[in-house]
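# Overview (structure and organization)
Spelled out, the chains give:
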Amino acid sequence: MPQTDKLLLERAKSMRTIMTQPEREIWTALRGKRFENTKFVRQVVIGPYIADFVARSDKLILEIDGDTHTDAEQDTRRTSWLEAQGYRIIRFNNNDVMHNMESVLETLALALAAAPLPTLSPKGRGL
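This text gives an overview of the structure that appears in the document. Quick caveat: nothing in here was measured; it's all calculated off a predicted structure.

About the cut-offs
- Residues numbered from 1 in each chain as written.
- Predicted model: local features only at pLDDT ≥ 70, side-chain atom pairs only at ≥ 80, totals over all residues.
- Heavy atoms only, no water.
- Pairing = 2+ DSSP bridges.
- Helix = DSSP H or I, 4+ residues; strand = E, 2+ residues; numbered from the N terminus.
- Axes fitted to C-alpha atoms, helices over the stretch in contact; angles between N-to-C directions.
- Expected span 1.5 Å × (residues − 1).
- Buried < 20%, exposed > 50% of the residue type's maximum accessible area, 1.4 Å probe, protein only.
- Arc of directions from axis to C-beta.
- Contact = heavy atoms within 4.5 Å.

Quick look at the sheet that holds strand β1 (residues 41–46) now. Reading across the sheet, the four strands line up as β1-β2-β3-β4 and stay open at both edges, with mixed pairing between neighbours. Two strands close off the open sheet at either side, each with one partner strand: β1 and β4 (88–93). Strand-to-strand twist across the sheet, computed as the mean angle between neighbouring axes with direction ignored, equals 45°. When strand β2 (residues 49–55) meets strand β3 (residues 60–65), the two strands line up antiparallel, connected through three bridges. In the sheet register, Ala55 faces β3, and the bridge partner there is Leu60.

Written out as structure tokens, the structure is:
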């Protein structure tokens, strides 16, 4: 495993231990399939990035952006790369999570409901 990959994995593991308060709040709502019976995992390495929360079955990434999250150009590159891998990204800021959790969860439920359906095999009907 290349050194960069090891460093990313170590960083993700560390981030699981020292979550921000908004991340803890949203994780409480998501963990253990509590939300929409969907399994979310946290601080997941995807290529060169670490995603905050991921519903792998729906290829949906949930990002919680803090006050220090101000590099729009980097976010655009990151989002483009993740979308090219088949992921959809939904973002909320810390303030939304802390003061408007109901709306955050409603929006997340809509995003999950809009998940693309699995495709059939080229022969159809899963054959």
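The end-to-end C-alpha distance of helix α3 (residues 72–84), which contains 13 residues, comes to 18 Å, matching closely the 18 Å that a straight helix rising 1.5 Å per residue would cover. Here α3 has its buried residues at Asp75, Arg78, Thr79 and Leu82. The arc enclosing the buried residues of α3, seen along the axis, measures out at 100°, which places them on a common side. The exposed residues of α3 that point more than 90 degrees off its buried face are Glu73 and Ala84. The inward-facing, buried residues of α3 abut β1, β2, β3 and β4.

Of note, Glu36 is a non-glycine position whose phi angle comes to about 55°, a positive value. Among the structural elements, Glu36 can be located in the loop between α2 (21–30) and β1. Here the phi dihedral of Lys59 falls at roughly 50°; this positive angle occurs in a residue that is not glycine. Assignment of secondary structure puts Lys59 in the loop between β2 and β3.

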